[in-house]
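# Residue-level structure breakdown
Here are the chains, one letter per residue:
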Amino acid sequence: MSKDNTPIHGIWTSRWVFILAAAGSAIGLGNIWKFPYMTGANGGGAFVMVYLVCIACVGMPIMIAEVMLGRRGGMSPVNSMRKLARENGVSSRWTGVGALGALSGFLLLSFYTVIGGWTLFYVWEMASGALHQASASEVQGVFDGIMANPWLVLAGHTMFMVMTMVVIGRGVVRGIEASVRILMPLLFLLLLVLFGYALTSDGFGAALRYLFAVDVSRLTGMSVLAAVGHAFFTLSIGLGAIMAYGAYMPRNTVDGKGVRKPVSIGSTVLTVGVLDTVVALMAGMVIFPVVFANGLAPSEGPGLLFVTLPLAFAEVPLGALFGSLFFILVVCAAWTSSISIAEPPVAWLVEKGFSRPQAAVLVGLLAWTLGIGSALSFNVLSDYTLFGKTFFGLVDFVTINIMLPVGGLLIAIFAGWVMKETHVRKELAMKRFGVYLVWRAVLRVVVPLALGTVFVFSLWQGLKPAAAPESPTVPVEVPAADQGAESVPPGKL
Ligand code: TRP
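Definitions and limits used
Residues numbered from 1 in each chain as written. Predicted model: local features only at pLDDT ≥ 70, side-chain atom pairs only at ≥ 80, totals over all residues. Heavy atoms only, no water. Near = heavy atom within 4 Å. Polar contact = N/O pair within 3.5 Å; in protein donor to acceptor, adjacent residues only side chain to side chain. Areas by Shrake-Rupley, 256 points an atom, 1.4 Å probe, with all protein chains shown as cover. 1 Å grid on protein atoms, 1.4 Å probe; cavity = no way out; pocket = protein on both sides within 12 Å on 5 of 7 lines; lining within 4 Å. Sits in = over half its atoms within 2 Å of the grid points. Helix = DSSP H or I, 4+ residues; strand = E, 2+ residues; numbered from the N terminus. Salt bridge = Lys/Arg side-chain N within 4 Å of Asp/Glu carboxyl O. Buried < 20%, exposed > 50% of the residue type's maximum accessible area, 1.4 Å probe, protein only. Phe/Tyr/Trp six-rings, centres within 6.5 Å; stacked < 30°, edge-to-face > 60°. Points joined across faces, edges and corners; volume = space filled by probe spheres on them. Nonpolar A, V, L, I, M, F, W, Y, C, P; charged D, E, K, R; others polar. Axes fitted to C-alpha atoms, helices over the stretch in contact; angles between N-to-C directions. Parallel < 35°, antiparallel > 145°, perpendicular 65-115°, else oblique. Left-handed = near helix turned anticlockwise from the far one by under 90°. Contact = heavy atoms within 4.5 Å. Core = buried A, V, L, I, M, F, W, Y, C linked by side-chain atoms within 4.5 Å. Arc of directions from axis to C-beta.

### Section: the site of the ligand
Not every one of the 17 residues close to the ligand is listed here, only the nearest: A26, G30, Y112, F233 and S236. Taking T234, its main chain carries an N or O atom lying 3.2 Å from a nitrogen atom of the ligand. Measuring from a nitrogen atom of the ligand, one finds a side-chain N or O atom of S236 at 3.0 Å. Protein chains bury 100% of the 370 Å² of accessible surface belonging to the ligand in isolation. Here the ligand is seated within the largest cavity. Within the residue set of the shell around the ligand, elements represented by two or more residues are α1 (15-26), α2 (29-41), α5 (95-127), α10 (221-234) and α14 (319-351).

What follows is the structure, encoded as structure tokens:
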């Protein structure tokens, strides 16, 4: 913090900017790409119900804790945790929570931009009209063609990394704030247009039934755990991204009458969680009607977005227009997310004395280099596996299924058990004591139990010998079996 108590990285211009930035982080590939395919793979409504419960009972309490730690610390997660550990008289090893987060951010970024790169190609593919009236095999051919070409995948990865670093290098207010102020309203607008379009589609009723009719018999232990893991990923928690954004959150706001009021973390975070959930559900309501109207399988798997949708859009009037709008939306969403993933390590380097642009270039270059392994996992390196996973599959698994839950668990323990209660209450500025008590009880007991279970279970699932089909909590794997064995040559993906 600087002398006047403003974080050195800057501060969001208003509470609403924090909401936009945090929603920008939360709403990403997780909502538009992963949520629909996971819902499809896990049987529809019952999964959606469990996912909603997980968001409310596990995700939101941790998100509140993470923002609270960030705002109290006022710095990058590493230095915020150092400061808080000192303030609470506990071991400086708690700094490790921040370091773990910066490291997971770096790893997550390395492959998030690879998928982000695919979305860039699809904007182009759709807009060019090349997929208009294409047949299933042609659409599949385009996807396979992109995947099989290491140069193309690398080019997409590079472009997406550069986009991310250009924004982050400009700083919190001039870069991140400026970009979310444009991209988030654009994203909501595009989603509304597409939603209106989906409403008129033949498959809308079927999609609603699919998403909201709960058939408990379809729930398995694995799908419950997948829902917990996904709640984590979609809310961007466990890595320090939201902690860093919390550090730039103003303490007070001035209302219409010029009165200063404390910014309550609970209600602010609630808004972000609701936005994230609404966007995921809307993405489902946009995607499934096209799936049903065209007689396609909802359980298509991770290829749902990249293979099925272009095909569906190819068959409807104005498909090229709506299809490219859709992928522009995905690009915006993924972009504001990748920015937030990179913020913890960048902010840390800035505190070490680097300039913002230098820090962005450094993190970008390192993550880009590591990402080459992920980009090549879809082509030249696809046969090199460990525990049945490609390089990409491994990095993805370790970050999402191991590092994020561990990070989240530690954050919950620190906020719930270690930190002085007076500080917690002061920072949260919660209006109702009852709500605070519930939050604290959930954070101390429910969250550790839930996360402990997910962690142990997903580790056990992921490290099972042989290449059994990937656990549904692993988002980015594209197992050949899920893709329809005949259309994707084994080992291609
Ligand atoms: N939540 C984003 C999505 O749904 C991904 C993301 C951004 C993320 N920042 C994060 C995930 C931090 C975990 C931690 O795509």
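Next comes the rest of the account.
### Regarding the pattern of salt bridges
Working definition: two side chains of opposite charge can pair if their charged atoms are close together. Evaluated as defined, the whole model comprises seven salt bridges. The shortest N-O distance in the salt bridge between E427 and R71 comes to 2.8 Å. Linking E427 in helix α17 (residues 421-428) with R71 in helix α3 (residues 45-73), this pair joins segments that are 356 residues apart in sequence. By relative accessible area, which is 3% here, R71 ends up buried. For the salt bridge of R181 with E177, the shortest nitrogen-to-oxygen distance reads 3.0 Å. In this pair, R181 and E177 are both assigned in helix α8 (residues 172-199), four residues apart and thus about one turn of the helix distant. In this structure E177 comes out as buried when scored by relative accessible area, which is 3%. Overlapping salt bridges, with partners in common, bring together R71, R72, E87, R251 and E427 in one network.

### Topic: the packing of aromatic side chains
Per the stated rule, a full pass over the model turns up 19 aromatic pairs. When the centroid spacing of 6.0 Å and the interplanar angle of 35 degrees are considered together, the rings of Y436 and W439 count as tilted. Of this pair, Y436 and W439 are both found in helix α18 (residues 433-462), three residues apart, which corresponds to roughly one turn of the helix. For the pair Y436 and W439, a shared accessibility class is recorded, and that class is buried. Through pairs of rings, three or more aromatic residues link up here, namely F111, W118, Y122, F143, F306, F326, F327, F378 and F392.

### What about the layout of surface pockets?
In this model, the largest pocket occupies a volume close to 460 Å³. Going through the elements one at a time, α3, α12 (265-293) and α18 are the ones with two or more residues in the lining of the largest pocket. Within the lining of the largest pocket, the residues separate by chemical class into twelve nonpolar, five polar and two charged.

### Side note on unusual backbone geometry
Positive phi, close to 60 degrees, is recorded for S236, a residue that is not glycine. If you trace the backbone, S236 turns up in the loop between α10 and α11 (241-247). Judged by relative accessible area, which is 13%, S236 ranks as buried. Residues other than glycine seldom take positive phi values, yet A429 does so here, at roughly 50 degrees.

### Let's talk about the packing of α5 against helix α15 (residues 356-376)
It is at 8 Å that the axes of α5 and α15 come closest, and there the two elements cross at 60 degrees. One finds that α5 runs oblique with respect to α15. For α5 against α15, the interelement crossing comes out right-handed. In contact with F106, L107, L109, S110, F111 and V114 of α5, α15 contributes V363, L366, A367, L370, G371, S374 and A375. Partitioning the contact of α5 with α15 into residue classes produces ten nonpolar, three polar and no charged.

### Describing the nonpolar core
Where a protein is soluble and globular, its nonpolar side chains tend to be buried together. Counting residues in hydrophobic clusters, the biggest one holds 162 residues, and the most contacted among them are W12, L69 and F326. Ranked by residue count, the leading element in this core is α14, at 17 residues. Contacts of F326, omitting those with residues within four sequence positions, involve I32, L194, V286, I287, L305, L309 and F313.

### Section: α17
For α17, every residue scored as buried is listed here: H423, V424, E427 and L428. All buried residues of α17 lie within an arc of 120 degrees about the axis, which places them on one face of the element. Away from its buried face, by an angle of more than 90 degrees, α17 presents the exposed residues T422 and K426. Backbone geometry just downstream of α17 places A429 in the positive-phi region, at approximately 50 degrees.

### Regarding empty space enclosed by the protein
Following the criterion strictly, the structure yields six cavities of 30 Å³ or more and no others. Its boundaries defined by the atoms lining it, the largest cavity holds a volume of some 150 Å³. S25, L108, F233, S236 and I341 are, among the 18 residues lining the largest cavity, the residues nearest its centre. Within the residue set of the lining of the largest cavity, elements represented by two or more residues are α1, α2, α5, α10 and α14.

### Considering the packing of α2 against helix α13 (residues 304-314)
Look at α2 against α13: their axes get within 10 Å of each other, and the N-to-C directions meet at 90 degrees. In terms of their interaxial angle, α2 and α13 are classed as roughly perpendicular. Contacts from I32, W33, P36 and Y37 in α2 reach L304, L305 and F306 in α13. In terms of residue class, the contact of α2 with α13 is made up of seven nonpolar, no polar and no charged.

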